[in-house]
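Secondary and tertiary structure notes
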Amino acid sequence: MDLHADGFGFIHRAKAAFVGDSELRGAVADQVLDRVWRGTYRATEAAPNEHDEIYREKVFAASLGGGDRRALSHTSAAAVHRLPLLEPDHQLVHFVTSTGGRETATVFLHRDRRLRESDIEAIDGRRVTSLGRTAADVARMGTFDQAVCALDAALALGVGRDVLDEHAARTKRQHGAATLRRALAVADGRAESVAESFSRAVLLTFPDIPEPEIQQVITDESGRFVARVDVLIAGRVVGEMDGRAKYRSATYGRDIEEVLYEEKVREDALRALGYIIVRWAWADLKHPERLHAKILRALELASRLA
């Protein structure tokens, strides 16, 4: 087959000279090509294997059509910016426009007559909503948990709080504006992962638990550094999010047993200082009553030992 990839590695049906649809379908069936979007393919050996990157490629391919009246937005713009999100829906490709356009079963078009050119930037030749606008849009369209995660990540990537405040003010009468404002009030750029942001968002919904402090440095009696903890509640309960990704990122090629031993030494030092340690996993966040019970037991224990 006479196939030539463009600068992004995409192979386009319209430019595949002397190649018919049946041959392309056969190449996909033989796992020579992956179908990225309608009429757009990539060599299977060069295709990404992570879900977020697969969606990012689909978004880029989808943005080739439609002209310059629209820009990638919402979760699609977040994929281009590589803005970490909580359980994003990757079924659709999202665009925003101030005029009109045609939607399909896989393209969702958001119409915003107040769209400003300052809301748009170019990334790899694609028109994309700015990082601040993208985070605000995602926050308005999602749950409180998803909103906190998006805004935390945007702040961590350098978006100013004033920028997010401006987007909140501009959209105060639009769908999801209340969720955006509520999440923005507690957003914190110090959060280091979606899991950490998700944990804090869930904890904030428990009225009988003090507001958590994040990324707190713990020292001993002499002021020597002991640990920096994900979450500190009521000054005595240390909360830590478990997960395979956490341990993979902590190893960086080191032996996992060494990493786990260092974690044990760290926790022993915290317990020696009187801290109660609570660990939770993703399943506890999906079932908040479990996390609530864990935190309450830890607070009761900390109260008895005080």
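Note that the structure is a prediction, hence the values are computed from the model and not measured.

Let's shift gears to the sheet that holds strand β1 (residues 11-12). Pairing is antiparallel in the open sheet, where 3 strands are placed in the order β1-β3-β2. Two strands bound the open sheet, and with one partner strand each, they are β1 and β2 (33-37). Relative to strand β3 (residues 40-43), β1 runs antiparallel, the two sharing 2 bridges. For isoleucine 11, the partnering residue across the bridge sits in β3 and is tyrosine 41.

Considering only enclosed or pocket space, the second largest pocket measures out at about 500 Å³ in volume. Lining the second largest pocket we find 23 residues, and of these Asp52, Leu83, Pro84, Leu85 and Val194 sit closest to its centre. Secondary structure elements with two or more residues in the lining of the second largest pocket: α2 (51-62), α3 (74-81), α5 (144-156) and α8 (194-203).

Here we take up α8. In an α-helix, one turn spans 3.6 residues; hence positions three or four apart end up facing the same way. Across the 10 residues that make up α8, a large majority, 10, are buried. Looking at α8, one finds that the buried residues are Val194, Ala195, Glu196, Ser197, Phe198, Ser199, Arg200, Ala201, Val202 and Leu203.

With that out of the way, let us pick up the packing of aromatic side chains. Within the structure shown, the criterion is met by 1 aromatic pair. Taking NZ or CZ as reference, arginine 236 lies 4.3 Å from the ring centre of tyrosine 275, over its face.

Burial of strand β5 (residues 93-97) is extensive: 5 of the 5 residues sit out of reach of the surface. The two faces of β5 match: Val93, Phe95 and Thr97 on one face and His94 and Val96 on the other face are all buried. Relative to β5, strand β4 (residues 70-72) is paired through 3 bridges, and the arrangement is antiparallel. From the neighbouring strand, arginine 70 faces β5, where its bridge partner is threonine 97. Pairing of β5 with strand β6 (residues 107-111), which is carried by 5 bridges, proceeds in the parallel orientation. Within β6, the residue paired with valine 96 across the bridge is histidine 110.

Before going further, it helps to spend a moment on the pattern of salt bridges. Per the stated rule, a full pass over the model turns up 24 salt bridges. Taking the shortest distance from any N to any O, the salt bridge between glutamate 87 and lysine 286 comes out at 3.1 Å. Linking glutamate 87 in the loop between α3 and β5 with lysine 286 in helix α11 (residues 282-286), this pair joins segments that are 199 residues apart in sequence. For lysine 286, a relative accessible area of 42% corresponds to the partly exposed category. Connected through salt bridges with shared partners, the residues Glu240, Asp242, Glu263, Lys264, Arg266, Glu267, Asp268, Arg271 and Arg279 form a single ionic network.

Before going further, it helps to examine the nonpolar core. Generally speaking, soluble globular proteins have nonpolar side chains that are buried together. Core analysis: the biggest nonpolar cluster contains 24 residues, and Leu83, Leu85, Ala135, Leu151, Leu164, Leu180 and Ala183 have the highest contact counts within it. If you list the elements that add at least two residues to this core, you get α4 (131-141), α5, α6 (161-170) and α7 (177-184). Looking at this core, the element that brings in the most residues is α5, giving 8 residues. With residues near it in sequence (within four places) discarded, alanine 135 still touches Leu83, Ala150, Leu151, Ala154 and Leu164. Judged by nonpolar contacts, the second largest core, of 22 residues, contains Cys149, Ala195, Phe206 and Ile209.

Strands sit in the order β9-β10-β11-β12 across an open sheet of 4 strands; the sheet is mixed. Of all strands in the sheet, those with a lone pairing partner are β9 (213-219) and β12 (276-280), marking the two edges. Sheet twist, expressed as the mean angle between neighbouring strand axes with direction ignored, is 45 degrees. Pairing analysis gives 5 bridges linking strand β11 (residues 237-241) to β12, with the strands arranged parallel. Within β12, the residue paired with valine 237 across the bridge is isoleucine 276. Set on the sheet, helix α10 (residues 256-272) makes contact with β9, β10 (225-233), β11 and β12; between it and β10 the angle comes to about 75 degrees.

Cut-offs applied
Residues numbered from 1 in each chain as written. Predicted model: local features only at pLDDT ≥ 70, side-chain atom pairs only at ≥ 80, totals over all residues. Heavy atoms only, no water. Pairing = 2+ DSSP bridges. Helix = DSSP H or I, 4+ residues; strand = E, 2+ residues; numbered from the N terminus. 1 Å grid on protein atoms, 1.4 Å probe; cavity = no way out; pocket = protein on both sides within 12 Å on 5 of 7 lines; lining within 4 Å. Points joined across faces, edges and corners; volume = space filled by probe spheres on them. Buried < 20%, exposed > 50% of the residue type's maximum accessible area, 1.4 Å probe, protein only. Phe/Tyr/Trp six-rings, centres within 6.5 Å; stacked < 30°, edge-to-face > 60°. Lys NZ or Arg CZ within 6 Å of the ring centre and 35° of its normal. Salt bridge = Lys/Arg side-chain N within 4 Å of Asp/Glu carboxyl O. Core = buried A, V, L, I, M, F, W, Y, C linked by side-chain atoms within 4.5 Å. Contact = heavy atoms within 4.5 Å. Axes fitted to C-alpha atoms, helices over the stretch in contact; angles between N-to-C directions.

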